[in-house]
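# Commentary on secondary and tertiary structure
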Amino acid sequence: MTNSEPSEFTTRASSINRALDQIGDKWCLLIIQEVLWGINSFNDMMAAMGVSRGVLSNRLRWLQEVDCLRKEEGGAEGGRRPRYHLTAKSIELYDSAMMAVAWEREWFHNPQLDRVQLVHAGCGKPFVAQMRCDSCDGLVYMEDVGYSPGPGATRDVREKKVRRRSSIAITEVPSERALYLNLINIVGDRWTSNVIALSYHGLTRFDQFHSELPVATNILSDRLKLLVEEGIFEQVAYQQRPMRYEYHLTDKGRGLFPWFITLLQWGDKWCDPEGRGRPMELTHTPCGGPLHAQVRCSECQGVLKAHEVHFTLDGENIGPTREDPGQN
Ligand SMILES: [Zn+2]
Ligand SMILES: [Zn+2]
């Protein structure tokens, strides 16, 4: 990078962007997933993720900096290695994890992972996570959400480079707990996920995306192309000479909407350092109420809590062990 190239840029304040700037990275998302499963020493993570020592150290440091991991030093006798635990902040990414699993299962088939069943202790049944409106209990769909500026509707100055890049394809990760690798592979790059988030506001053209996300044009083209290849967008020609395309969300792309809403709600709560309040207010148009989305069980509509969700493989409980920051 040359000195003349600015290292910062400005975008509309958004809780999704803030959340993505903290954890919207393949390795960060994967580390959080592994810790959720009780994999919490450096060596165990390295083995589970097939990640290099340097990248893992870098991300562990970063996740502690943004208060998403807490390091517990080994015992006084020196026999134990340091362990990493989720914090009150990262435990609340559980909703995102539930919606991630639901999307992955709808759009990808992996015979081995499909044998893992999620059972809700509340009703005793295998379930699919669903997003519902707290006021009317209706399912939350992309087209039923209205937006208006909130008290924190300012602009954010953002770093162009947040973390060291790593080119290893995440789909090569060996972990058998990887219940949403395909999702991580797509959203674990903040420009890609920023583009998807913008498309939920109706943006479809290159210039529209570029005015909201002023990154280098080659980076933006590259991400749009990737999203077409991944089946998140389809290209629709709107002009013949020269040929120009709009990028329209597919059903698979719209299916990611609830995941983004969990991230937005998490960002509203945990990524507002100046305490200005929500950058954007969301309304659930079918009931007219403010949208407080909840992640619930498809069978009994109960709100899913981490300690009430069991993962089973052929009927046997396989975890994950629940991390509770208050009990260590
Ligand atoms: Zn509603
Ligand atoms: Zn249930």
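Above this text is the structure in question.
In every chain, residue numbers begin from 1 and rise along the written sequence. Working convention: letters from A go to chains and numbers from 1 go to ligands, in the order in which they are written. It should be noted that, the model being predicted, local features are given only for residues of pLDDT at least 70 and side-chain atom pairs only at 80 or more, the latter also being counted only at that level, while totals for whole chains, interfaces and linings use all residues.

### Here's the deal with the overall build of the protein chain
What counts as a helix is a DSSP run of H or I of at least four residues, what counts as a strand is a run of E of at least two, and both are numbered from the N terminus. Within the protein chain, the regular secondary structure consists of 13 helices and 15 strands. Within these notes, the globule rule equals 2.2 Å times the number of residues to the 0.38 power, and the radius of gyration is based on C-alpha atoms. Relative to the globule expectation of 20 Å for 328 residues, the C-alpha radius of gyration of the protein chain, 20 Å, shows essentially globular dimensions. Counting the 328 residues in the protein chain, one finds 36% classified as buried. Considering only residue pairs separated by 6 or more positions, the protein chain has 71% of its internal contacts joining residues 24 or more positions apart. Counts of 20 or more other C-beta atoms within 10 Å of a residue's own C-beta define buried residues, counts of 12 or fewer define exposed ones, and intermediate counts define partly exposed ones; C-beta atoms are placed from the backbone. Placing a C-beta atom from the backbone of each residue, one calls two residues in contact when those atoms lie within 7 Å.

### A closer look at the packing of helix H6 (residues 94-107) against helix H13 (residues 257-270)
Lines fitted to C-alpha atoms define the axes here, with helix axes fitted over just the stretch in contact, and angles between the N-to-C directions of these axes take values from 0 to 180 degrees. Orientation of H6 relative to H13, taken along the N-to-C sense of each, is 170 degrees, at an axis distance of 8 Å. Taken as axis vectors, H6 and H13 run roughly antiparallel relative to one another. From H6, Asp 95, Ser 96, Met 99, Ala 100 and Trp 103 reach across to H13, where they touch Pro 258, Trp 259, Thr 262, Leu 263 and Trp 266. Considering only residue class, the contact of H6 with H13 consists of 7 nonpolar, 2 polar and 1 charged. Should an angle fall under 35 degrees it is called roughly parallel, over 145 degrees roughly antiparallel, and 65 to 115 degrees roughly perpendicular, with every other angle called oblique. The classification used treats Ala, Val, Leu, Ile, Met, Phe, Trp, Tyr, Cys and Pro as nonpolar, Asp, Glu, Lys and Arg as charged, and all other residues, Gly among them, as polar.

### Things to note about H13
Between its terminal C-alpha atoms H13 stretches 20 Å, which fits the 20 Å expected from 14 residues at 1.5 Å a residue. Burial of H13 is extensive: 13 of the 14 residues sit out of reach of the surface. In this scheme, a helix's expected span is set at 1.5 Å multiplied by one less than its residue total.

### Focus on the pairing of strand S11 (residues 280-284)
When strand S7 (residues 145-149) meets S11, the two strands line up antiparallel, connected through 5 bridges. Considered in S11, the bridge of Tyr 147 is made with Leu 282. Sheet analysis places S11 next to strand S12 (residues 289-290), joined by 2 bridges and oriented antiparallel. Pairing of Thr 283 across the sheet is with Pro 290, part of S12. If you look at the hairpin formed by S11 and S12, you'll find 4 residues sitting between the two strands, and Gly 288 has a positive phi there, around 80 degrees. If DSSP finds at least two bridges between two strands, the strands pair.

### Side note on the environment of Tyr 147
Position of Tyr 147 among the secondary structure elements: in strand S7. C-beta crowding within 10 Å serves as the criterion here: with 13 such atoms nearby, Tyr 147 is assigned to the partly exposed category. In contact with Tyr 147, other than residues within four places in its own chain, are His 201, Met 280 and Leu 282.

### Remarks on unusual backbone geometry
The amide bond that connects Arg 241 to the next residue, Pro 242, takes the cis arrangement and shows omega of -5 degrees. Mapped onto the elements of the fold, Pro 242 is located in the loop between strand S9 (233-239) and strand S10 (244-249). Within the chain, Asp 67 stands out as a residue other than glycine whose phi angle is a positive 65 degrees. When you line up the elements, Asp 67 lands in the loop between helix H4 (53-65) and strand S2 (69-72). Given 13 C-beta atoms within 10 Å, Asp 67 falls into the partly exposed group.

### Digging into the sheet that holds strand S5 (residues 125-126)
Strand order in the open sheet formed by 4 strands is S5-S4-S14-S15, and the pairing between neighbours is antiparallel. Edge positions in the sheet fall to S5 and strand S15 (316-317), since each of these pairs with one other strand and no more. As paired elements, strand S4 (residues 116-120) and strand S14 (residues 309-313) share 5 bridges and run antiparallel to each other. By the bridge assignment for S14, Leu 118 is matched with Phe 311.

### Some points on the packing of helix H1 (residues 15-23) against H13
Packing of H1 against H13 leaves a shortest axis separation of 7 Å and a crossing angle of 85 degrees. Taken as axis vectors, H1 and H13 run roughly perpendicular relative to one another. Counted together, Ser 15, Ile 16, Arg 18 and Ala 19 of H1 and Phe 260, Leu 263, Leu 264, Trp 266, Gly 267 and Asp 268 of H13 form the full contact between these two elements. Residues of the contact of H1 with H13, tallied by class, amount to 6 nonpolar, 2 polar and 2 charged.

### Quick word on the sheet that holds S12
Read across the sheet, 3 strands follow the order S7-S11-S12 without closing on themselves; strand pairing throughout is antiparallel. Among the strands making up the open sheet, the edge pair consists of S7 and S12.

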